[in-house]
Amino acid sequence: MTAATARNPASAHPEPAGVDNRVVVGGAVLTWRSLPTPTLPDPAAVLAHSAVHALTAARQHAVHGTELLLSTASRVDAAMRTELLEAGFTVGVLDDDGMHLSVPARPRAAESGRLWLLTSGSTGRPKRVGHTLDTLTTVRAEQPDRTWLCPYAPGTYAWWQVVTLSLTQPGQHLVVVEPDELDDWPTVAAAHGVDAASGTPTFWRRTLYRDAAALARVPLRQITLGGEPVDQAILDQLREVFPTARISWIYASSEVGASIVVHDGRAGFPVDWLDRETPGRPTLSVHDDELVVTSPYHGAGLAGPIRTGDRVQVLDDRVLITGRLDSDEINVGGSKVSAGVVRGVLTGHPAVAWARVTGRRAPVLGRMVVAEVVLTPAGPADTSVPDEGALVRWCADQLPEHAVPRRIRVLAEIPVKETLKSDV
């Protein structure tokens with residue numbers, strides 16, 4: 001089945017306010033208005049072959065309100081495709097030849113305006129969370145004109161955050177990079193005047209590691225981080241390269257939406273934000289070291305306080321998000337160790353570009369702390385590259401004895417997944 005252009009004015013919504021914003025994708029300079037509007041089944045689970053196909057599906061939804069789940073094919077395995085078919089979605093791969101469809105055995109009526117997201121699967125298999133274009137549009141105040149870089153995998157919450165901003169606000173232009181452009185994205189960004197970029201801490205660390213000089217040539221005025229724990233080291237590194245840019249970190253998830261936004265250049269958020277109730281804004285709480293969010297931007301079927309599964313640590317006047325509850329805590333001989341705290345110490349070393357901290361089985365203690373690191377590139381005359389012993393001593397000076405890594409392995413490259421995260 002080919003993807004014809006939808007032309008049913010009776011079912012169309014008003015054009016979104018950002019319809020004439022510039023969209024750069026696949027080397028072509030377009031606008032939202034000039035993107036084709038494919039005819040999609042309703043409800044549809046669209047597996048986009050490339051970034052441009054994902055954008056056409058997003059525009060189709062904005063205009064026609066088709067019930068839509070959007071993803072890349074690599075994030076939807078055979079079992080998930082079966083689940084989607086059983087849930088009444090027509091599953092289709094959208095590419096240059098159109099939609100290649102698998103039809104459900106028991107079709108159902110569509111829910112107009114519904115958007116579905118797949119969670120990242122950090123706590124197991126990805127699950128569906130329902131939203132609308134309105135609940136995904138969390139930036140509503142008028143914004144200065146920007147050209148945004150969007151490096152995220154299509155259909156993820158972070159992708160929709162950048163896409164909805166461009167769809168709903170005039171002057172918010174978009175430069176989308178494909179996975180095979182990620183290593184060279186600063187060149188693409190500089191060529192198209194990108195002055196705002198959103199990415200995970202891993203995305204920013206990897207860019208700094210690979211070519212900090214190329215990054216410095218991008219005229220960034222707005223830098224946004226999210227999707228993973230944000231530590232002081234990466235904030236300071238970005239501030240050094242971009243001393244006048246606004247650097248923001250955002251806590252957001254498919255379930256609770258964008259819930260925390262911090263602009264002050266410090267990791268974590270102020271402790272006096274806890275349990276503060278403000279109409280129209282999320283309420284943040286901590287229960288048993290877990291972040292709990294009550295949000296007006298939550299997914300369909302979710303309401304009230306929602307346990308996020310993220311572990312927090314209150315340190316002086318800040319609340320730090322250290323990692324997932326099921327992976328952050330390491331029990332070493334009865335003493336609890338936060339992998340996120342150890343990771344923060346390691347990434348605070350000037351020669352460490354990235355770190356991952358985990359627990360490993362050990363005799364007597366049950367578990368011991370181990371780590372993997374990627375070192376910053378050393379110059380030809382640099383004799384200060386630390387060995388494992390030096391990094392262990394660095395940790396020993398700042399951590400209790402049971403939290404010091406017993407093994408530290410050096411990797412050659414910062415690992416990254418399709419979601420721009422590394423398992424930390």
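These figures come from a predicted structure and were not determined experimentally.

Chemist: Give me the lowdown on helix H6 (residues 201-216), citing residues and values where you can.
Modeler: In a regular helix each residue adds 1.5 Å, so 16 residues correspond to 22 Å; H6 covers only 17 Å between its end C-alpha atoms and thus falls short of that length. The largest bend in H6 amounts to roughly 95° and is located at Arg210. Every buried residue belonging to H6 is among Pro201, Thr202, Phe203, Trp204, Arg205, Arg206, Thr207, Leu208, Tyr209, Ala214 and Leu215, and all of these are buried.

Chemist: I'd love a proper account of the sheet that holds strand S14 (residues 257-262), names of residues and values included.
Modeler: Here we have eight strands laid out as an open sheet, ordered S2-S1-S10-S9-S11-S12-S13-S14, and mixed in their pairing. Only two strands of the sheet have a single partner each, and these edge strands are strand S2 (28-31) and S14. For this sheet, the mean angle separating the axes of adjacent strands, direction not counted, is 25°. Bridge analysis of strand S9 (residues 146-150) against strand S11 (residues 196-199) gives two bridges, and the strand direction is parallel. If you follow Leu149 over to S11, its bridge partner there is Ala197. Contacts from helix H4 (residues 157-168) reach S9, strand S10 (172-176), S11, strand S13 (246-253) and S14, with the element oriented near 140° to S10.

Chemist: I'd like to hear about the environment of Val404, residue by residue, with values.
Modeler: On the secondary structure map, Val404 appears in the loop between helix H10 (388-396) and strand S24 (407-411). When the C-alpha positions of Val404 and Pro219 are compared, they lie 40 Å apart, and in sequence the two are 185 residues distant.

Chemist: For the environment of Val369, give the residues involved together with the corresponding values.
Modeler: When you line up the elements, Val369 lands in strand S23 (residues 366-375). Placed 27 residues apart in sequence, Val369 and Val342 show a C-alpha to C-alpha distance of 9.0 Å.

Chemist: Quick rundown of the pattern of salt bridges? Include the residues and the values.
Modeler: Following the criterion strictly, the structure yields 19 salt bridges and no others. Salt-bridge contacts for Asp195 lead to Arg221; the nearest nitrogen and oxygen are separated by 2.4 Å. Residue Asp195 is located in the loop between helix H5 (185-191) and S11, and its partner Arg221 is located in the loop between H6 and strand S12 (222-226); the two are separated by 26 residues in the primary sequence. You can call Asp195 buried: its relative accessible area is 10%. A salt bridge links Arg210 to Glu413; its shortest N-O distance comes to 2.8 Å. One end of the pair, Arg210, is in helix H6; the other, Glu413, is in the segment after S24, and 203 residues separate them in sequence. Judged by its relative accessible area of 37%, Arg210 falls in the partly exposed class. Through salt bridges with shared partners, a single ionic network connects Asp183, Arg206, Arg210 and Glu413.

Chemist: Break down the sheet that holds strand S5 (residues 90-95) for me, with residues and values.
Modeler: An order of S6-S5-S3-S4-S7-S8 is seen for the six strands of this open sheet, with the pairing classed as mixed. The open sheet terminates on both sides in strands that have one partner only, identified here as strand S6 (98-102) and strand S8 (128-132). Each strand of the sheet is rotated relative to its neighbour by a mean of 30°, with strand direction disregarded. With five bridges connecting them, strand S3 (residues 44-48) and strand S4 (residues 68-72) associate as parallel partners. Considered in S4, the bridge of Leu47 is made with Ser71.

Chemist: Can you tell me about the nonpolar core, naming the residues and giving the values?
Modeler: With 77 residues, the main nonpolar core has Leu55, Trp159, Trp160, Trp204 and Leu225 as its most contacted residues. Examining the composition of this core, we find that seven residues originate from one element, H4, more than from any other. Not counting residues within four places of it along the chain, the set of residues in contact with Trp159 comprises Ala54, Leu55, Ala58, Leu70, Cys150, Tyr152, Ala153 and Pro154. Counting residues in hydrophobic clusters, the runner-up holds 20 residues, among them Val332, Val352, Val357 and Val373.

Chemist: Account for unusual backbone geometry, with residues named and values stated.
Modeler: Trans is the common state for peptide bonds, and a negative phi is the common state for residues other than glycine. The omega angle of the peptide bond from Asp42 to Pro43 is 5°, so this bond is cis rather than trans. Take Pro43: it is sitting in the loop between S2 and S3. Positive phi, normally seen in glycine, also occurs at Asp289, with a value near 65°. Looking at where Asp289 falls in the secondary structure, it is placed in the loop between strand S16 (283-287) and strand S17 (290-294). With a relative accessible area of 41%, Asp289 lands in the partly exposed category. One non-glycine residue with positive phi stands out, namely Leu420, at about 70°.

Chemist: Give me the packing of aromatic side chains: which residues, what numbers.
Modeler: Taken as a whole and assessed by the stated rule, the structure comprises six aromatic pairs. Taken together, a centroid distance of 6.4 Å and an interplanar angle of 85° make the contact between Phe89 and Trp116 edge-to-face. On the criterion of sequence distance, the pair formed by Phe89 in the loop between helix H2 (78-86) and S5 and Trp116 in strand S7 (residues 114-118) is long-range, its members being 27 residues apart. Each member of the pair Phe89 and Trp116 is classed as buried. When the centroid spacing of 5.1 Å and the interplanar angle of 25° are considered together, the rings of Trp185 and Phe203 count as stacked. Of this pair, Trp185 sits in helix H5 while Phe203 sits in helix H6, placing them 18 residues apart in sequence. Accessibility assignment for this pair places Trp185 and Phe203 in one class, buried. By way of ring pairs, the aromatic residues Trp185, Phe203 and Trp204 are connected into one cluster.

Conventions we followed
Residues numbered from 1 in each chain as written. Predicted model: local features only at pLDDT ≥ 70, side-chain atom pairs only at ≥ 80, totals over all residues. Heavy atoms only, no water. Helix = DSSP H or I, 4+ residues; strand = E, 2+ residues; numbered from the N terminus. Expected span 1.5 Å × (residues − 1). Bend = angle between axes of the 7 residues up to and from the residue. Buried < 20%, exposed > 50% of the residue type's maximum accessible area, 1.4 Å probe, protein only. Pairing = 2+ DSSP bridges. Axes fitted to C-alpha atoms, helices over the stretch in contact; angles between N-to-C directions. Contact = heavy atoms within 4.5 Å. Salt bridge = Lys/Arg side-chain N within 4 Å of Asp/Glu carboxyl O. Core = buried A, V, L, I, M, F, W, Y, C linked by side-chain atoms within 4.5 Å. Phe/Tyr/Trp six-rings, centres within 6.5 Å; stacked < 30°, edge-to-face > 60°.

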